[in-house]
Amino acid sequence: MKVFWIVMLVLLIIVLLLFIICAFVYNQIAWRTTIKVPEFLMNSVAGNEMFDDYEQKTKVQEKEFLKYPLESLTLKTPDGAILRGRLLEPKEPNGKIIVACHGARSCGIGEFCFSGPYYYEKGYTLFMPDHRGCGESDGKFMGYGTHESKDTFLWLDYLKKRFPNQAIFLLGVSMGAATVLMMSENLDDDAVKGIISDCSYTSAWDEFSYQLKSSFHLPTFPILNICELYSRIFAKYSFKDASPITSVKKAKKPILFIHGDKDNFVPYYMMNELYEACASEKECVTVNGAIHARSYYTNPALYQNSVEKFIDKCMKL
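Computed from a predicted structure; not experimentally measured.

A separate point is the environment of threonine 34. When you line up the elements, threonine 34 lands in the loop between α1 (2–30) and α2 (39–43). On the basis of relative accessible area, threonine 34 is assigned to the partly exposed category, the value being 33%. When the C-alpha positions of threonine 34 and phenylalanine 24 are compared, they lie 8.7 Å apart, and in sequence the two are 10 residues distant. Those residues in contact with threonine 34 that lie beyond four places of it in its chain are Asn27, Gln28 and Arg105.

Next up, the structure:
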């Protein structure tokens, strides 16, 4: 009998440790405020090992981008959250608006500091929302496209009222790409002409499962299942709800998929899976040598030409 209780105690300790470890993993995945971890552990995550001077260049470029005539916008959601974003109106508007959605743990200014000046010079009205749990907006958790897609529809309503009769294009990078793809099945408005998806994952579940296996050689079960439980309890959404691949099966607008072939954070093969699943008119562009979320930075000419051709094609449809 004594052996039985010792075994049960050991099992209980193992289960408690597992839930504590998963709480830490969930904190790193979804919380705005994360527990600081050693650099070697961060470097072990697939896609994080290629450090260079990019971060430093980004900080310099952000300062330059903030010199542009950016307008700060605020929006209150039905559940009381305050969302913020930046609007950049060109001197000579071309009649087109780009809604640019950033990736996880980023913000509008940081994500588009390299490409933003190009769109401005070309006459696009550029709007960059800060998603919940990121940047200057409210929120404790990132939703990987769940609440971000709903909030972006609210921003669309604002933009359509402020800029009537202008064509709108949705552009997203990483989590932002997942966000705009998750909107694709519900875009009934003629004002929205097309979607540009830059390095989206097929689903949050697939992405986290990939990272567990490729970075830490750990199984999806039970770690991701416990993290999923935490997400349902604290953030009120399921990782399986964040599923761009489900949405594109019912997409109503043309989609341009862009992905770097050296991306091992959100693996390159996910673009092909999304492209194959997409029900609407579609195109795809591979940026050779680009790692995660750096397609524009790696080959701006290819990126610009691909986006311009896609936009021109959408405007003729």
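Relative to the helices and strands, serine 106 is located in the loop between β3 (96–101) and α4 (108–111). For serine 106, a relative accessible area of 19% puts it in the buried group. There is a polar contact of 3.5 Å between the side chain of serine 106 and the side chain of glutamate 111. Setting aside chain neighbours within four positions, we find serine 106 in contact with Glu111, Cys134 and Gly135.

A separate point is the pairing of strand β7 (residues 255–260). Burial of β7 is extensive: six of the six residues sit out of reach of the surface. Side-chain alternation along β7 places Ile255, Phe257 and His259 on one buried face and Leu256, Ile258 and Gly260 on a second face that is also buried. Looking at chain direction, strand β6 (residues 192–198) and β7 are connected through four bridges and run parallel. Bridge pairing in β7 places aspartate 198 opposite isoleucine 258. Summarising the sheet, β7 and strand β8 (residues 282–287) pair through six bridges and their orientation is parallel.

The strand order across the open sheet built from eight strands is β1-β2-β4-β3-β5-β6-β7-β8, with neighbouring strands paired in mixed fashion. Of all strands in the sheet, those bounded by a partner on one side alone are β1 (70–76) and β8. Along the sheet, successive strands turn relative to each other by an average axial angle of 20°, direction set aside. Looking at chain direction, β1 and strand β2 (residues 82–88) are connected through seven bridges and run antiparallel. Its bridge partner lying in β2, threonine 74 is registered against arginine 84. With respect to the sheet, helix α7 (residues 175–183) is in contact with β3, β5 (167–173), β6 and β7, its orientation differing from that of β5 by roughly 135°. Here helix α13 (residues 300–316) sits on the sheet in contact with β3, β5, β6, β7 and β8, set at roughly 155° to β6.

Summed over all chains, the structure comprises 22 aromatic pairs. Ring geometry for phenylalanine 208 versus phenylalanine 239: centroids 4.9 Å apart, planes at 75°, classification edge-to-face. Here phenylalanine 208 is found in helix α8 (residues 204–216), whereas its partner phenylalanine 239 is found in the loop between α9 (223–235) and α10 (244–248), with 31 residues between them in sequence. The pair phenylalanine 208 / phenylalanine 239 is uniform in exposure class, with both members buried. Among the aromatic residues, those joined into a cluster by ring pairs are Phe19, Tyr26, Trp31, Phe141, Tyr144, Tyr201, Phe208, Tyr230, Phe234, Tyr237 and Phe239. The residue whose ring lies beneath lysine 282 is tyrosine 275, and the NZ or CZ to ring-centre distance is 4.8 Å. Between the NZ or CZ atom of arginine 294 and the centre of the ring of tyrosine 54, over which it lies, the distance is 4.0 Å.

Conventions used here
- Residues numbered from 1 in each chain as written.
- Predicted model: local features only at pLDDT ≥ 70, side-chain atom pairs only at ≥ 80, totals over all residues.
- Heavy atoms only, no water.
- Helix = DSSP H or I, 4+ residues; strand = E, 2+ residues; numbered from the N terminus.
- Buried < 20%, exposed > 50% of the residue type's maximum accessible area, 1.4 Å probe, protein only.
- Contact = heavy atoms within 4.5 Å.
- Polar contact = N/O pair within 3.5 Å; in protein donor to acceptor, adjacent residues only side chain to side chain.
- Pairing = 2+ DSSP bridges.
- Axes fitted to C-alpha atoms, helices over the stretch in contact; angles between N-to-C directions.
- Phe/Tyr/Trp six-rings, centres within 6.5 Å; stacked < 30°, edge-to-face > 60°.
- Lys NZ or Arg CZ within 6 Å of the ring centre and 35° of its normal.

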